[in-house]
Amino acid sequence: MKPTRLALGVAAVAALFIAFGQPSDTITTPATAPNTVIVTLPPSTTSTTEPATTTTSSSSSTSTTTTWPALLPPDHVCYEWLPLLLETGWPTDPDILATALTIMWRESRCQPDADSGPDHGLFQINRYWCKPSKYSAAGWLQDRQLVVDCDSLFDPATNAASALAIWHYSEDKNGDGFLPWTTYSGRP
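Residues numbered from 1 in each chain as written. Predicted model: local features only at pLDDT ≥ 70, side-chain atom pairs only at ≥ 80, totals over all residues. Heavy atoms only, no water.

A.B. asks: Teacher, can you tell me more about the side chain of Asp 119 here?
C.D. replies: Note that Asp 119 resides in strand S5 (residues 119-120). Despite being buried, Asp 119 has no salt bridge partner; Arg 127 is the closest side chain of opposite charge, sitting 8.6 Å away. Side chain to side chain, Asp 119 and Asn 126 meet in a polar contact 2.8 Å long. Sequence-distant contacts of Asp 119, that is, excluding residues within four places in its chain, are made with Ala 114, Gln 124, Ile 125 and Asn 126. (Helix = DSSP H or I, 4+ residues; strand = E, 2+ residues; numbered from the N terminus. Buried < 20%, exposed > 50% of the residue type's maximum accessible area, 1.4 Å probe, protein only. Lys, Arg positive; Asp, Glu negative; His and termini not counted. Salt bridge = Lys/Arg side-chain N within 4 Å of Asp/Glu carboxyl O. Polar contact = N/O pair within 3.5 Å; in protein donor to acceptor, adjacent residues only side chain to side chain. Contact = heavy atoms within 4.5 Å.)

Laid out in structure tokens, this is it:
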């Protein structure tokens, strides 16, 4: 039997986190099983922001190991969402990522279905950003083609990408991307 080569991307790692919770260091299946996947998560000494992937094959199985750079300690709040932030383009600066994950914890306790009425999803993005206003006929996030409507913010990837757009807007306008979140401890 010819071994199957597996590719494990950022979305797959995030899906594993969501399905199984945060693993201690490694998700492993027996090496004797066909198409074995071994995922090793931080810490790592890799200096790149992309995961390092190694694939090994034998006549009975294929193993893929994905190692993430040591950007944050694995016990940081909402750490299971770090791959999603990286996938959606958040800066790889550890301080920015740590602040984003801390805000996520304070806003939603890392729950993508969190809903406080006007605020939705992981970053609890307010409906203000996706409703028509005097500044935007469709909505600020719709103008940037990030959401269809406010309910789109319950999708973790959409929420993270929308939060990033808001962060960039505030970074450009205010010099601090996190000011739109009232739970931000760096507020003046």
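A.B. asks: I tried to follow the side chain of Asn 159 on my own but got confused; where do I start?
C.D. replies: Along the chain, the position of Asn 159 falls in helix H5 (residues 156-174). Exposure remark for Asn 159: the relative accessible area of 0% places this residue in the buried category. Beyond its immediate chain neighbours, meaning those up to four positions away, Asn 159 contacts His 120, Gly 121, Leu 122, Phe 123, Ile 125 and Leu 153.

A.B. asks: Looking at this structure, I do not really get the state of the cysteines. What am I missing?
C.D. replies: Enumeration according to the criterion identifies two disulfides in this entry. With its bonded cysteines labelled in order along the sequence, the chain shows the pairing 1-2, 3-4. (Disulfide = S-S within 2.5 Å.)

A.B. asks: For this particular structure, what's the right way to read the environment of Asn 126?
C.D. replies: Relative to the helices and strands, Asn 126 resides in strand S6 (residues 125-126). With 54 residues separating them along the chain, Asn 126 and Pro 180 place their C-alpha atoms 9.6 Å apart. When sequence neighbours within four positions are dropped, the list of residues in contact with Asn 126 reads Pro 118 and Asp 119. Here Tyr 128 takes part through its backbone nitrogen, which lies 2.8 Å from a polar atom of the side chain of Asn 126.

A.B. asks: It is not clear to me how the nonpolar core should be interpreted in this structure. Could you clarify?
C.D. replies: Most often, soluble globular proteins have nonpolar side chains that are buried together. Counting residues in hydrophobic clusters, the biggest one holds 37 residues, and the most contacted among them are Leu 85, Trp 90, Phe 123, Leu 141 and Phe 178. Elements with a contribution of two residues or more to this core: helix H2 (82-87), helix H3 (94-108), helix H4 (140-143) and H5. Element by element, the count of residues in this core is highest for H3, at seven residues. Here Leu 85 is in contact with Trp 90, Leu 97, Ala 100, Leu 101, Met 104, Phe 123 and Ala 160, once residues within four sequence places are set aside. (Core = buried A, V, L, I, M, F, W, Y, C linked by side-chain atoms within 4.5 Å.)

A.B. asks: Please clarify how H5 should be interpreted in this entry.
C.D. replies: Within an α-helix, residues lying three or four positions from one another point in the same direction, as the helix has 3.6 residues per turn. Over its 19 residues, H5 runs 26 Å from end to end, which matches the ideal 27 Å to within 8%, given 1.5 Å per residue. Those residues of H5 not exposed but buried are Pro 156, Thr 158, Asn 159, Ala 160, Ser 162, Ala 163, Leu 164, Ala 165, Ile 166, Trp 167 and Ser 170. The inward-facing, buried residues of H5 contact H2, H3, S5, S6 and H4. (Expected span 1.5 Å × (residues − 1).)

A.B. asks: Explain the confidence of the model for the chain here, please?
C.D. replies: Any segment with low pLDDT has predicted coordinates that should not be analysed in fine detail. When pLDDT is averaged across the chain, the result is 75; 62% of the residues are at 70 or more. When the criterion is pLDDT under 50, residues 1-50 qualifies, and its contacts beyond four places in sequence or with other chains add up to 110 contacts. (pLDDT = per-residue confidence, 0-100.)

A.B. asks: What should I look at first to understand the environment of Pro 112 in this one?
C.D. replies: Note that Pro 112 resides in the loop between H3 and S5. Remark: the alpha-carbon pair of Pro 112 and Phe 154, spanning 42 residues in sequence, is separated by 5.9 Å. Each residue touching Pro 112, except ones within four places of it in the same chain, is listed here: Trp 81, Gly 121, Leu 122, Phe 154 and Pro 156.

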